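Listed below, chain by chain, are the residues.
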Amino acid sequence: MAKASITFEDINVTVSAPAGTRIIEISEKVGSAITYGCREGDCGTCIMKVSEGWNNLSEPSVLEDKILRENMAGKHNRLACQAQVLGGKISVKPV
Amino acid sequence: MSKPILSNSAGTLQAVALSERVHWIGVLDPNLRTFDIILKTANGTTYNSYLVRGSEGVAIIDTVKEAFAADFFTRLESVARYDEIKVIVLNHLEPDHSGALPELMRRAPQARLYISQKAQSMLKALLKQDALEFTPVLTGDTVSLGDRTLSFLHTPYLHWPDTQCTHLIEEKILFSGDVFGCHFCDTRLFNDQVGDFRFSFEYYYAHIMRPFKAFVNTALNLIEPLLPLQQILPAHGPMLRDQPQRYVQRYRELSRSALESDIGADEKTLLIFYISSYGNTRRMAEAIYEGAMSIEKVRVSLYDLEGGEIAPFVDLIEGADGLVFGTPTINGDAVKPIWDLLSSLAVVNLKSKLGGVFGSYGWTGEGVKMVEDRLRGLKLRVPIPGIRIKLIPTDEEIYLCREFGLELAQELLGLRTAKVIDLADLG
């Protein structure tokens, strides 16, 4: 199975995870400080910064784009409860 | 100087002249005692709004709380007609400044509204009006009133994302929004005439601006080049026409860390706070302290919460690089003194500080995990899982505590090696 390698910069931990895994599933297990609210892409609590590997994540849905906009998210931000790792290297941190 | 005249002989409210072309058209709210839940005021506040007259039209800078709109409109009408208003500027969208905006725009439909870039989405959420037309502005954008020019300064997070200041170039006046403001109500209006308001100024900074010190410093970098200013006109409290630069200097002083001079630039600080009922969590704390002390360039301090007040601890926490909390678990929860401290940190910026938690427990031990989650919620990073020890720690467990302290100190200096793991191994 294709794997992605995702680094949580706040705790300096890199995890190898199967393609398709949502970041929420990984970050909660390793204890990154990305925090979660509704866990379903509606509240914007889990906005994170993607510092590397933007294209190694699933595309944001129209709904995720809307929530990011409403929360005044920056250019390199995604919702950790929505973004799935696809492969290659990714690096993220809490905002 | 004579006291400002707030109403005429018939009792009708009047605008107060600040220069030939600038008037105060704000309102007094002497009965307010609590503002925004978090702030107290012993004599109320003012909602300051200003009117600028140029050769080609009038500008209104900020409005007032909705309940006080009638006083605001009466003062406005004493110096201008609605059809003269060309420009409306909101430096900050909080309801105490935007409350009278919808009615003002209804009365002056030809006026153009200017707000900061970041205010755009807030405007819609606050006013619930889709049709409102506005122009978003950034630093350096200007709007002309003929012989008077307003220039905007983008000063976000002082204390909302949307906040900005507006500079009246020709008169060297800064309309600063909540910056340099305070909740203080005195009919004499000006800083050289009102009662001693220094405590309100400091209190306002401590509760409203302090969490955003980095943004204060960035904003001061924009404001200081404008000095000397003739007047600084904030959105609350006394108008600063006598030596306004003193207030700019004071903001700079307050936005520096008091500890900077004592701790070397290459050193890190680690604070360990604990509370203990039978001495078990204390023994853990002491072992963590010993472990962390074995690393050079980390200044470690150990504090028993039972022996201190919250306020000085909050000051310490603001300046520290790493924070460790030790709590027993009692009846399935961390104990109240820990929560009291952790619920008092909204006034300081904690982002990216290092966090760690430990504690002794009798039978369940949820407290450590709860405090770890709280630290993450406060935007600390918690890279090293906390230590929970059942009742009295063994020698081996004390060794683990020393290691925990050592690892925390290493993490502060960036000496821990990066961890690489497979998701499947995490279970």
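As shown above, the structure is provided for reference.
All figures in this text were calculated on a predicted structure; none of them were measured in a lab.

Rules used throughout
Along each chain, residue indices are assigned from 1 in the same order as the chain's sequence is written. Working convention: letters from A go to chains and numbers from 1 go to ligands, in the order in which they are written. In keeping with the predicted nature of the model, local features appear solely for residues at pLDDT of at least 70, side-chain atom pairs appear and are counted solely at 80 or more, and the whole-chain, interface and lining totals rest on all residues. Water and hydrogen atoms were dropped before computing side-chain values, which therefore reflect all heavy atoms in the structure. Secondary structure follows DSSP: runs of H or I at least 4 residues long count as helices, runs of E at least 2 residues long count as strands, and numbering of each begins at the N terminus. Per-residue accessibility, obtained with a 1.4 Å probe over protein chains only, is compared with the maximum for each type, and a residue is labelled buried under 20%, exposed over 50%, and partly exposed between these values. Contacts are assigned to residue pairs with any non-hydrogen atoms lying within 4.5 Å of each other. Per-residue and other accessible areas were derived by the Shrake-Rupley procedure at a 1.4 Å probe size, with only the shown protein chains allowed to occlude residues. A positive count includes Lys and Arg, and a negative count includes Asp and Glu. His and the chain ends are not counted in either. One atom stands in for each charge, and that atom is NZ of Lys, CZ of Arg, CG of Asp or CD of Glu. Any pair of cysteine sulfurs within 2.5 Å is marked as a disulfide. Helix span is expected to be 1.5 Å times the residue number reduced by one. Directions are taken from the helix axis to each C-beta atom, and the arc is the one they span. Two parts placed together each lose some accessible area under a 1.4 Å probe, and adding up what both lose gives the buried area. The salt bridge criterion pairs a side-chain nitrogen of Lys or Arg with a carboxyl oxygen of Asp or Glu, the two atoms within 4 Å. A 3.5 Å cut-off defines polar contacts: any pair of N or O atoms within that distance qualifies, except that in protein one atom must be a possible hydrogen donor and the other a possible acceptor, and neighbouring residues in sequence count only when both atoms are side-chain atoms. Residues are grouped as follows: nonpolar covers Ala, Val, Leu, Ile, Met, Phe, Trp, Tyr, Cys and Pro; charged covers Asp, Glu, Lys and Arg; every other residue, Gly included, is treated as polar. Each pair of strands is called paired provided DSSP finds at least two bridges between the two strands. Helix axes use the C-alpha atoms of the stretch in contact, all axes being lines fitted to C-alpha atoms, and the angles between their N-to-C directions lie in the range 0 to 180 degrees.

Considering the overall build of chain B
And step 1. Helices and strands together make up the secondary structure of chain B, namely twelve helices and 24 strands.
And step 2. For chain B, with 427 residues in total, the buried portion stands at 53%.
And step 3. Of all intrachain contacts in chain B linking residues separated by at least 6 positions in sequence, the fraction that spans at least 24 positions is 70%.
And step 4. Here chain B has roughly 18700 Å² of accessible surface; of this, 52% comes from carbon and sulfur atoms.
And step 5. Side chains of chain B give 44 positive and 54 negative charges; the mean places of these two sets differ by 2 Å.

Side note on the state of the cysteines
Residue and element names in this part refer to chain A.
And step 1. What the rule picks out here adds up to zero disulfides over all chains.
And step 2. Looking at Cys-46, it has no disulfide partner, and the nearest cysteine sulfur is the one in Cys-81, 3.7 Å off.
And step 3. Among the residues examined, Cys-46 registers a relative accessible area of 3% and is labelled buried.
And step 4. For Cys-81, a relative accessible area of 5% puts it in the buried group.

Describing helix H8 (residues 280-293) of chain B
Residue and element names in this part refer to chain B.
And step 1. Helix length check: H8, at 14 residues, gives a terminal C-alpha distance of 20 Å against a target of 20 Å (1.5 Å per residue), a fit within 8%.
And step 2. Of the residues making up H8, those classed as buried are Asn-280, Thr-281, Met-284, Ala-285, Ala-287, Ile-288, Gly-291 and Ala-292. Taken end-on, H8 shows its buried residues confined to a sector of 165 degrees, consistent with a single buried face.
And step 3. Residues of H8 that are buried sit in contact with strand S17 (268-274), strand S18 (298-304), strand S19 (322-326), strand S22 (354-361), strand S23 (387-390) and helix H12 (395-412).

With respect to the interface of chain A and chain B
And step 1. Taken residue by residue, the interface counts 21 residues in chain A and 23 residues in chain B.
And step 2. In this assembly, chain A packs against chain B so that about 1700 Å² is buried in total across both faces, 58% of it on carbon and sulfur atoms.
And step 3. The residue Asp-422 of chain B makes a salt bridge to Lys-3 of chain A at a minimum N-O spacing of 3.0 Å.
And step 4. On the surface where chain A and chain B come into contact, there are eight residue pairs in polar contact (both at pLDDT 80 or more).
And step 5. Of the residues forming the side of chain A that touches chain B, the biggest block, six residues, is contributed by strand S2 (residues 13-18) of chain A.
And step 6. Per-class residue counts for the side of chain A that touches chain B are ten nonpolar, seven polar and four charged.
And step 7. Bridge count for S2 of chain A against strand S24 (residues 419-422) of chain B is four bridges, and the pairing is parallel. Bridge pairing links Val-13 of chain A to Lys-419 of chain B in S24 of chain B.

Considerations on the pattern of salt bridges
All names here are of chain B.
And step 1. Counted according to the given criterion, the structure contains 32 salt bridges over all chains.
And step 2. The salt bridge involving Asp-196 is made with Arg-198; its shortest N-O contact spans 2.8 Å.
And step 3. The exposure class of Arg-198 is exposed, given its relative accessible area of 58%.
And step 4. Two residues, Glu-202 and Arg-250, come together in a salt bridge whose shortest N-O distance is 2.7 Å. On the criterion of sequence distance, the pair formed by Glu-202 in helix H5 (residues 198-209) and Arg-250 in helix H7 (residues 245-254) is long-range, its members being 48 residues apart.
And step 5. Since its relative accessible area comes to 28%, Glu-202 is described here as partly exposed.
And step 6. Arg-250 sits in the partly exposed class, given a relative accessible area of 28%.
And step 7. Put simply, Arg-53, Arg-81, Asp-83 and Glu-84 are held in one network by salt bridges that share partners.

Looking at the sheet that holds strand S15 (residues 173-177) of chain B
Residues and elements named next belong to chain B.
And step 1. The sheet built from five strands is open, its strands ordered S12-S13-S14-S15-S16 with mixed pairing. The open sheet terminates on both sides in strands that have one partner only, identified here as strand S12 (142-144) and strand S16 (231-234). Recorded for the sheet is a direction-independent mean angle of 20 degrees between the axes of neighbouring strands.
And step 2. Bridge count for strand S14 (residues 164-168) against S15 is three bridges, and the pairing is antiparallel. Each residue of the ladder has a partner; that of Leu-168, found in S15, is Ile-173.

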